[in-house]
Amino acid sequence: MVTNRSLAVILLLLLLAVLLHSLYSFYHGRFLDAMVMYPLLIICYLGHLGHDKWKRKRGDDRRQ
């Protein structure tokens, strides 16, 4: 089972990797390569938020 803390660590590591990749790509003048990873981060973040809301809603359904 994945906890919120471990998901946060995974998201932070992913953010750091994307930031380093972007800096490297910007340095070499490849702007498209530098910006292509940010939508992936947004998708991961929205997936994390959706999973958290689904988990809370499912917990409320079980209590009733």
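Residues numbered from 1 in each chain as written. Predicted model: local features only at pLDDT ≥ 70, side-chain atom pairs only at ≥ 80, totals over all residues. Heavy atoms only, no water.

The secondary structure content of the protein chain amounts to 3 helices and 0 strands. Helices and strands appear in the protein chain in the N-to-C order α-α-α. When each of the 64 residues of the protein chain is scored for burial, the buried share is 11%. Carbon and sulfur atoms provide 69% of the accessible area of the protein chain, an area that totals close to 5,600 Å². (Helix = DSSP H or I, 4+ residues; strand = E, 2+ residues; numbered from the N terminus. Buried < 20%, exposed > 50% of the residue type's maximum accessible area, 1.4 Å probe, protein only. Areas by Shrake-Rupley, 256 points an atom, 1.4 Å probe, with all protein chains shown as cover.)

The next subject is the packing of aromatic side chains. By the definition in use, this model includes 1 aromatic pair. Where F26 meets F31, the ring centres are 5.6 Å apart and the plane angle is 55°; that geometry is what we call tilted. A relative accessible area of 35% places F26 in the partly exposed class. We classify F31 as exposed; its relative accessible area is 52%. (Phe/Tyr/Trp six-rings, centres within 6.5 Å; stacked < 30°, edge-to-face > 60°.)

Let us look at a nonpolar patch on the surface. Taken together, the side chains of L16, L19, L20 and L23 make up a nonpolar region of the molecular surface, amounting to roughly 380 Å² of accessible area. Inspection of the secondary structure puts L19 in helix α1 (residues 4–27). (Patch = residues over 30% accessible without salt bridge, like charges linked within 9 Å, V, L, I, M, F, W, Y side chains within 5 Å. Salt bridge = Lys/Arg side-chain N within 4 Å of Asp/Glu carboxyl O.)

When you line up the elements, S25 lands in helix α1. If we skip the residues at most four places from it in the chain, S25 touches R30, D33 and A34. (Contact = heavy atoms within 4.5 Å.)

Next up on the list: α1. Compared with the 34 Å implied by 1.5 Å per residue over 24 residues, the 34 Å span of α1 between its first and last C-alpha is a close match. Following α1 by one or two positions, G29 has its phi on the positive side, about 80°. (Expected span 1.5 Å × (residues − 1).)

Moving on, we get to the side chain of S22. Locating S22 in the fold gives a position in helix α1. The exposure class assigned to S22 is buried, which follows from its relative accessible area of 2%. The contacts of S22, once residues within four sequence positions are left out, are A34 and Y38.

Residue S25 is classed as buried on the basis of its relative accessible area of 2%. Taking C-alpha positions, S25 is 8.8 Å from M35, a pair spaced 10 residues apart along the chain.

It is worth spelling out the confidence of the model for the protein chain at this point. Looking at the protein chain, pLDDT values average 80 and 88% of them are 70 or higher. Averaged pLDDT values for the elements of the protein chain fall to 74 in helix α3 (residues 38–63) and rise to 86 in α1. (pLDDT = per-residue confidence, 0-100.)

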